[in-house]
Amino acid sequence: MVTTGGAAERCLHLTFDDGPNEQHTPRLLDLLASHAAKATFFLLGEQVEKHPEIVERLVAEGHQLGNHSYDHPRFTRIPMAEQLEQIERTERLLTRFDGKALHRFRPPSGRFPLSLLAYYASNPGSMAYWSYDSLDYQQKSVSELIDVMRNHPPRPGDIVLMHDDSDATIDALAVLLPEWRASGFEFSTLPELPEA
C-alpha cells in the first residue's frame with residue numbers, strides 16, 4: 001500500500017476521488033492545465049461508463065487513472081468476492097482507456113477489511129491511501145477549505161486526498177495551486193505501477 005510519495009523532492013501528488021463528474025471534472029482539468037499540474041484520478045466504474053469522453057481527456061492530458069470501485073460500496077460490509085468484482089469490473093473499464101493492466105486501488109471512504117490488504121500483499125497491484133486529507137468532503141466553504149490547507153499545509157511527498165465533485169474544491173485550488181507552486185512545489189501523478 002502506498003501512503004506517501006518521496007519527501008526528497010518538493011512534489012505534491014494531487015488525487016481526486018469519485019469522478020469523473022460531468023459538471024466539475026472538466027473545469028478542474030482546465031485549472032490543472034493552467035498550472036501545468038498532473039494528478040491521479042480514482043474513478044468509479046459507473047461514472048466511467050456515463051462519461052467516457054472525460055476519461056479520454058484525462059488520459060490525453062497526461063493524468064493517471066486509479067480504481068475507486070464500481071459504485072462506491074462500503075467494502076467492510078460486502079463479501080470478498082463482491083469486493084474483487086467491484087475492483088476487477090472497474091479495472092476492465094480503465095484498461096480500455098489507458099491500455100494499462102493494473103491501476104492503483106483506493107477503497108471507498110478509505111475503509112477496507114484486512115483480508116483485502118492481505119489480497120494485495122500476495123497479488124499484483126497496489127492499494128493507494130493518502131497522507132494529507134483536504135477535508136473537502138465535509139462540505140466546507142471555499143474560504144474554510146483554503147484556511148484548513150493554509151493553516152496545515154501539505155509537506156513534500158504528500159498524497160493529497162480531494163474530490164472532483166464540488167465547486168468549492170476547485171475554487172480553493174485556484175487560490176492554493178499558485179501559492180504552492182510559488183513555494184517550490186511540483187505536481188505529479190503517483191509513481192507508475194510495474195507492468196504485471
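Structure's up top.
Summed over the entire model, instances satisfying the criterion amount to six aromatic pairs. Taking 5.4 Å as the distance between ring centres and 35 degrees as the angle between the ring planes, the aromatic pair formed by Phe75 and Phe105 counts as tilted. Of this pair, Phe75 sits in the loop between strand S3 (64–67) and helix H4 (80–98) while Phe105 sits in the loop between H4 and helix H5 (114–122); the two residues are 30 residues apart in sequence, bridging distant segments of the chain. Note on accessibility: Phe75 and Phe105 belong to one class, buried. Pairing Tyr119 with Tyr120 gives two aromatic rings, centres 5.4 Å apart and planes at 85 degrees, and the pair type is edge-to-face.

Attention now moves to the packing of helix H1 (residues 25–34) against helix H3 (residues 52–60). Interaxial distance between H1 and H3 falls to 11 Å at its minimum, and their mutual angle equals 15 degrees. The angle between the axes of H1 and H3 places the two elements in the roughly parallel class. Considering only the axes of H1 and H3, their crossing is left-handed. For the pair formed by H1 and H3, the contact residues are Thr25, Pro26, Leu29 and Asp30 on the first element and Ile54, Arg57 and Leu58 on the second. For the contact of H1 with H3, the residue count by class is four nonpolar, one polar and two charged.

Turning our eyes to something else, we now look at the side chain of His163. If you trace the backbone, His163 turns up in strand S5 (residues 159–163). The exposure class of His163 is buried, given its relative accessible area of 10%. The contact partners of His163, leaving out residues within four places of it in the chain, are Phe16, Asp17, Asp18, Asp136, Tyr137 and Thr169.

Right, let's talk about a nonpolar patch on the surface for a bit. Together, Met1, Leu114 and Leu117 give the surface a local cluster of nonpolar side chains, amounting to about 300 Å² of exposed area. Within the secondary structure layout, Leu117 lies in helix H5.

Within strand S2 (residues 39–43), five of the five residues are buried, leaving the element largely enclosed by the surrounding structure. The side-chain alternation of S2 yields two buried faces, one formed by Ala39, Phe41 and Leu43 and the other by Thr40 and Phe42. Regarding the hand of the β-α-β motif, the stretch spanning strand S1 (residues 11–19), H1 and S2 is right-handed. Pairing of S2 with S3 involves four bridges; the strand directions are parallel.

Our focus in this paragraph is the pattern of salt bridges. Following the criterion strictly, the structure yields ten salt bridges and no others. Arg106 is the salt-bridge partner of Asp17, the closest N and O atoms lying 2.8 Å from each other. On the criterion of sequence distance, the pair formed by Asp17 in strand S1 and Arg106 in the loop between H4 and H5 is long-range, its members being 89 residues apart. Of the two residues examined, Asp17 and Arg106, each falls in the buried class. Across the salt bridge formed by Glu192 and Lys100, the nearest N and O atoms sit 3.0 Å from each other. You can see Glu192 sitting in the segment after strand S6 (186–187) and its partner Lys100 sitting in the loop between H4 and H5, a full 92 residues away along the chain. The exposure class assigned to Glu192 is partly exposed, which follows from its relative accessible area of 46%. Classification of Lys100 by relative accessible area gives partly exposed; the value is 24%.

Okay, helix H6 (residues 142–151) next. Where H6 is concerned, the buried positions are Leu145, Ile146 and Met149. Looking down the long axis of H6, one finds its buried residues gathered within 100 degrees of arc, a one-sided arrangement. Those residues of H6 that are buried lie in contact with strand S4 (132–133) and helix H7 (167–182).

The rules behind these values
Residues numbered from 1 in each chain as written. Predicted model: local features only at pLDDT ≥ 70, side-chain atom pairs only at ≥ 80, totals over all residues. Heavy atoms only, no water. Phe/Tyr/Trp six-rings, centres within 6.5 Å; stacked < 30°, edge-to-face > 60°. Helix = DSSP H or I, 4+ residues; strand = E, 2+ residues; numbered from the N terminus. Buried < 20%, exposed > 50% of the residue type's maximum accessible area, 1.4 Å probe, protein only. Axes fitted to C-alpha atoms, helices over the stretch in contact; angles between N-to-C directions. Parallel < 35°, antiparallel > 145°, perpendicular 65-115°, else oblique. Left-handed = near helix turned anticlockwise from the far one by under 90°. Contact = heavy atoms within 4.5 Å. Nonpolar A, V, L, I, M, F, W, Y, C, P; charged D, E, K, R; others polar. Patch = residues over 30% accessible without salt bridge, like charges linked within 9 Å, V, L, I, M, F, W, Y side chains within 5 Å. Areas by Shrake-Rupley, 256 points an atom, 1.4 Å probe, with all protein chains shown as cover. Salt bridge = Lys/Arg side-chain N within 4 Å of Asp/Glu carboxyl O. Right-handed = clockwise from strand over helix to strand, strands pointing away. Pairing = 2+ DSSP bridges. Arc of directions from axis to C-beta.

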